[in-house]
Amino acid sequence: MRHLIVSLCLLLSCGTLCAQKGAPEAVLKDIRARYAEAMSMAQHQRTGEGLEGKNYMTSTLHYVIPGCGPTTETLSMYYLLEESEESGEPCYTPYLITRKYNIAARQFYEEYLYDHATAQPLFVFLKYDTYEAEGAVAEERYYFADGQVVWKTMNDYAQPDEASVSRMCSTLRSAFAYLVNHSF
């Protein structure tokens, strides 16, 4: 019996290790370091003294969704001033966009991390209320390389839609370019 329990434990731990073996560890490590740096930079921009580093905007939208009622959405965009490779003119590139909103009583929170040099997505975090169980919250994490999802994690309540995540990355990046760089 003891031998069977030890064998089961080894089998389970091997299954866990084998499942994690496919993770591109170097990519994930780099993205996590960039995420930590982006969050630190965003915090500094919100609370820092002086004008240097004040490259962010926050918009709060209020609207009504038919059948769901009033919605409040807060969109925050953090960016850096870069020089355009094509024209040599200054332009802003996003590195972090956060979005918080409600649909009826359900709450949603999203983070989009971009490579400011290429404007490609690096990481997306989604957290939202579900109808599965009282108080159940879904979480999804998507890691990107060269604009493609290379790894994702989620909890049991998640309802993943990789195509929607990629579309939203592109939509937010385009909205940012229009809003912030429209005058350049």
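Thresholds applied
Residues numbered from 1 in each chain as written. Predicted model: local features only at pLDDT ≥ 70, side-chain atom pairs only at ≥ 80, totals over all residues. Heavy atoms only, no water. Helix = DSSP H or I, 4+ residues; strand = E, 2+ residues; numbered from the N terminus. Buried < 20%, exposed > 50% of the residue type's maximum accessible area, 1.4 Å probe, protein only. Contact = heavy atoms within 4.5 Å. Areas by Shrake-Rupley, 256 points an atom, 1.4 Å probe, with all protein chains shown as cover. Phe/Tyr/Trp six-rings, centres within 6.5 Å; stacked < 30°, edge-to-face > 60°.

(A) Quick look at the overall build of the protein. Along its length, the protein carries three helices and seven strands. Taken from N to C terminus, the helices and strands of the protein fall in the order α-α-β-β-β-β-β-β-β-α. Within the protein, the fraction of its 184 residues that count as buried is 32%. Considering only contacts in the protein between residues 6 or more positions apart, those separated by 24 or more positions represent 36%. When the accessible surface of the protein is split by element, carbon and sulfur atoms take 57% of a total near 11,600 Å².

(B) The arrangement of the packing of aromatic side chains in detail. As enumerated under the stated definition, the model contains nine aromatic pairs in all. Judged by centre distance (5.6 Å) and plane angle (20°), the ring pair of Y56 and Y78 falls under stacked. Highlighted residues: Y56 in strand β1 (residues 56-65) and Y78 in strand β2 (residues 69-83), separated in sequence by 22 residues. Classification of Y78 as buried rests on a relative accessible area of 3%. Here the aromatic rings of F108 and Y128 are separated by 5.9 Å at their centres, their planes lie at 15°, and the arrangement is stacked. Note that F108 is positioned in strand β4 (residues 106-114) and Y128 in strand β5 (residues 121-129), a separation of 20 residues in sequence. Across this residue pair, the class does not change: F108 and Y128 are buried.

These figures capture arrangement, not role.
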